[in-house]
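A structural walkthrough
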Amino acid sequence: MKLKSCYLCFLAIAMFVGSAGADGPGETIEQYTVAFDSSRYIDVDEIEAGMRGYGLTVFQGTEPQRFEIEVIGIIRQFMAHQRGIMIRVVDNPEFEQAAGVEGVSGSPVYIDGRLAGAMAFGWSFGEEPLYGVTPIRDMLEVRQASRVQNTSSVDTPGAFHFGTELYTNMLRPQLLSREQVRSALMASGLAKRAEATQGLTTFPLPLTLSNISPAAQEAINEYLPDLAVNVGIGGGMGSDAGPDEPAAELVPGATVTVPLIAGDMNGAILGTVTEVIGDQVYAFGHAWNGEGAARWPMATGKIITFVSRANISFKLGEPLEIVGALLADEASAVYGEIGATANMVPVRIHVRWVNTGFDETVNAQIAQDELADPMLATISLLASVLRRGGLPREHTIDYHIRFEFDSIDPIEFTNRSSAAGPMEFVFDCLEPLYMLLNNPWGRVNLTDVSAEFTIQHENNVCFLEAASIGQRIYRPGQTVTAQLRLAPLLGSSFEQSISLELPGELPDGLYTIVVGSWDVPVMLMMDAQPNRAMAFDLESLHDVMQRRLGFQRNAAYIAMVIPQPGIAIENNELPHLPGSQLMLLNDPSRRQAVMPWQPIITNTVEMPWVLNGAQSFEIEVRSR
């Protein structure tokens, strides 16, 4: 009886464990594993050197074409827990001209009439069309990863963390270093890889951009230099396969794309379908970014041509129609389902050129992803501003940008840039989005992007040539008026006044007043109110980002720190504290961040000019 009781208990536990890991009632891991059908698939153990077969891929258009292959051998220790099949493409001019081709990843290889796997690996600078093939048995196992549901919530941090030290001063001029941006790009799958000089390597899957101007292409290379991109021509989402081509379908050998940007401009990852079982699609033969369970849009595609290069050539293509979603991204393949959906973020960008009369609104969508969206949104803005060509030598850009999110308030800001190209608005967008979407406190998804740009053919940069305040002794409550002499980069000097009202109960003493450009209040705030440059939680992160983006380049500032004892406990500011309380709050055993705090009074005058420079004055306040 005791043995029987133990057996029944074990059986109940086994049944519970089997059902607890399933996605729904009655679903088990076995239902997500495709049976290896030996009549349909050939295993690595059955393959020998010298065997002949064929592959399928699209050379041009949408129709897969056959090419002949020969088995060179089997690589027993190809990757961890995986073997590989080495093949050579024979008697094919396209492959002979371009020995290694990005975009053939996933092209199915058949031996003895059965599917062996997907072309996925090769050599850079190779002189003959040698490829490594990922076995189909390994690819079919990837479907299991799709059943790991995304359990993220507003309490779950973002996918990538830049380090807590970055949140201690978020008003510094540069938020993220190039190395940090590159690390985030690497995690998203959008970064360039170091060129391999020898050895077998997976073919990279760069983002192919189309419907963008040559000027936008140059700007992307200049301002986003670590991005892995190819630039295509025309076409894009919504275009058809062509009058003489059959409608594009996801079948073995067909082009499959991941449209990360879709609409009036397009950006897509491109590869080849290996196997289709009902609505299940297996492709690439290797990972894109290897994130496991995923949700990316999946679309059909069209190939324009092979582009030959000395290191690795590539298929130039474009996405056609979104038909499903990729649900798993593993080392040996990506897996998608026809009919599944992925979230897309609407993007609306209005650009007006004052001098030429061009007025255009660009509508697009970007795939929703915390790691990719900062770069995708920035590419969309950059390509829209440069859609008509490069900026004139003398130019001024006025912009109003709004980002909306699912779990925090929108970020909205207006500013002006002059004679700086796109650099300033690019970093106004890229860095805050990276920090917000990948913060350590809670899940934030981008849900909407809208922007207005006005471009003028003029230079509006000026410099603070001199400043004066007339008198040096003031009573509390009086107004200090500074007279600024401003020198435009192009034009004659002119005068601008700006005033600051002193508090009515200001203690007698010496004070420093600073006048100048937007970085005046930033510098004072970092010194007198360091808590306002820090993030302690998601709410304070949002506030400091909005504060950072609120300083106007086309404005003159006047500011003064009032040296009175105060303290800030994280976001809580406590001025006018007696010395005994200050000592208590500054006790090092306190767990919350405690820092000195002093009031700042400021005033701003907006003007057409982007101001550079600052000057300070010492004044004396006497109540009598």
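Residues numbered from 1 in each chain as written. Predicted model: local features only at pLDDT ≥ 70, side-chain atom pairs only at ≥ 80, totals over all residues. Heavy atoms only, no water.

1. As for the overall build of the chain
- The number of helices and strands found in the chain is ten helices and 33 strands.
- Of all 624 residues assigned to the chain, the portion counted as buried reaches 54%.
- Counting only carbon and sulfur atoms, one obtains 50% of the accessible surface of the chain, whose full area is about 27200 Å². (Helix = DSSP H or I, 4+ residues; strand = E, 2+ residues; numbered from the N terminus. Buried < 20%, exposed > 50% of the residue type's maximum accessible area, 1.4 Å probe, protein only. Areas by Shrake-Rupley, 256 points an atom, 1.4 Å probe, with all protein chains shown as cover.)

2. Let's talk about the packing of helix α6 (residues 373-385) against helix α7 (residues 423-437)
- Axis separation between α6 and α7 bottoms out at 8 Å; the angle between their running directions is 160°. One way to sum up the angle between α6 and α7 is to call them roughly antiparallel. At the point where α6 passes α7, the crossing takes the right-handed sense. Residues Asp373, Pro374, Met375, Ala377, Thr378, Leu381, Leu382 and Val385 of α6 form the contact with α7, whose own contacting residues are Phe425, Val426, Cys429, Leu430, Leu433, Tyr434 and Leu437.
- Of the residues assigned to the contact of α6 with α7, the class counts are 13 nonpolar, one polar and one charged. (Axes fitted to C-alpha atoms, helices over the stretch in contact; angles between N-to-C directions. Parallel < 35°, antiparallel > 145°, perpendicular 65-115°, else oblique. Left-handed = near helix turned anticlockwise from the far one by under 90°. Contact = heavy atoms within 4.5 Å. Nonpolar A, V, L, I, M, F, W, Y, C, P; charged D, E, K, R; others polar.)

3. Quick look at the packing of aromatic side chains
- Per the counting criterion, the structure on display carries 13 aromatic pairs.
- Between Tyr167 and Trp441 the ring centres are 5.0 Å apart and the planes differ by 70°, which places this aromatic pair in the edge-to-face class. One end of the pair, Tyr167, is in the loop between α3 (136-140) and α4 (178-188); the other, Trp441, is in the loop between α7 and β21 (446-456), and 274 residues separate them in sequence.
- By relative accessible area, Tyr167 is classed as buried at 4%.
- The class for Trp441 is partly exposed, based on a relative accessible area of 29%. (Phe/Tyr/Trp six-rings, centres within 6.5 Å; stacked < 30°, edge-to-face > 60°.)

4. A few points about the sheet that holds strand β29 (residues 572-575)
- Strand order in this open sheet of three strands is β29-β28-β30, and the pairing throughout is antiparallel. Each edge of the sheet is formed by a strand with only one pairing partner; in this case those strands are β29 and β30 (594-596). Averaged over all adjacent pairs, the angle separating strand axes in this sheet is 20°, with direction ignored. (Pairing = 2+ DSSP bridges.)

5. Quick notes on the sheet that holds strand β23 (residues 473-474)
- Pairing in this open sheet of five strands is mixed, and the strands run β23-β33-β26-β27-β31 from one edge to the other. If you trace the sheet from one side to the other, it starts and ends with β23 and β31 (600-606), each paired once.
- Here eight bridges tie strand β26 (residues 509-516) to strand β33 (residues 614-621), and the two strands are oriented antiparallel to one another. If you follow Tyr511 over to β33, its bridge partner there is Ile619.
- Across the sheet, helix α8 (residues 519-528) is in contact with β26, β27 (555-561), β31 and β33; its angle to β27 comes to roughly 25°.

6. Digging into the pairing of β26
- The pairing of β26 with β27 spans four bridges and is classified as antiparallel. Directly across from Ile513, in β27, lies its bridge partner Met560.

7. What to know about helix α5 (residues 214-223)
- Of the positions making up α5, those classed as buried are Ala215, Ala216, Ala219, Ile220 and Tyr223. For α5, the buried positions fall inside an angular range of 135° around the axis, keeping them on one side. Among the exposed residues of α5, those oriented more than 90 degrees off its buried face are Pro214 and Glu218.
- Those residues of α5 that are buried are in contact with β9 (207-210), α6 and α7. (Arc of directions from axis to C-beta.)

8. Considerations on a nonpolar patch on the surface
- A cluster of nonpolar side chains, contributed by Phe463, Leu489 and Leu490, occupies part of the molecular surface with about 280 Å² of accessible area.
- Mapped onto the elements of the fold, Phe463 is located in strand β22 (residues 461-468).
- Phe463 sits in the partly exposed class, given a relative accessible area of 37%. (Patch = residues over 30% accessible without salt bridge, like charges linked within 9 Å, V, L, I, M, F, W, Y side chains within 5 Å. Salt bridge = Lys/Arg side-chain N within 4 Å of Asp/Glu carboxyl O.)

9. As for the environment of Ser146
- By secondary structure assignment, the location of Ser146 is in the loop between α3 and α4.
- Through-space distance from the C-alpha of Ser146 to that of Leu327 is 5.1 Å; in sequence the pair is 181 residues apart.

10. Focus on the environment of Val561
- With respect to the secondary-structure elements, Val561 resides in strand β27.
- You can call Val561 buried: its relative accessible area is 19%.
- Spatially, the C-alpha atom of Val561 lies 6.0 Å from that of Pro599, the residues being 38 residues apart in sequence.
- Apart from residues no more than four positions distant in its own chain, Val561 is found in contact with Tyr511, Thr512, Leu524, Ala528, Gln598, Pro599 and Ile600.

11. What to know about helix α9 (residues 538-549)
- Taking 1.5 Å as the rise per residue, α9 with twelve residues should run 16 Å; its terminal C-alpha atoms sit 17 Å apart, in good agreement.
- On its buried side, α9 packs onto β20 (411-418) and α7.
- With a side-chain oxygen positioned 3.3 Å from the backbone nitrogen of Glu539, the residue opening α9 is Asp537. (Expected span 1.5 Å × (residues − 1). Polar contact = N/O pair within 3.5 Å; in protein donor to acceptor, adjacent residues only side chain to side chain.)

12. Brief notes about the confidence of the model for the chain
- Taken over all residues, the pLDDT of the chain has a mean of 85, while the share at 70 or more is 83%.
- In the model, residues 1-26 has pLDDT below 50 throughout and makes ten contacts with residues more than four positions away in sequence or in other chains. (pLDDT = per-residue confidence, 0-100.)

13. Re the side chain of Thr378
- Position of Thr378 relative to the elements: it lies in helix α6.
- Here Thr378 falls in the buried class, since its relative accessible area comes to 1%.
- Within the local environment of Thr378, its side chain forms a polar contact with the backbone oxygen of Pro374, the two atoms lying 2.7 Å apart.
- Once you skip the residues sitting within four places of it in the chain, Thr378 turns out to touch Leu224, Val426, Cys429 and Leu430.

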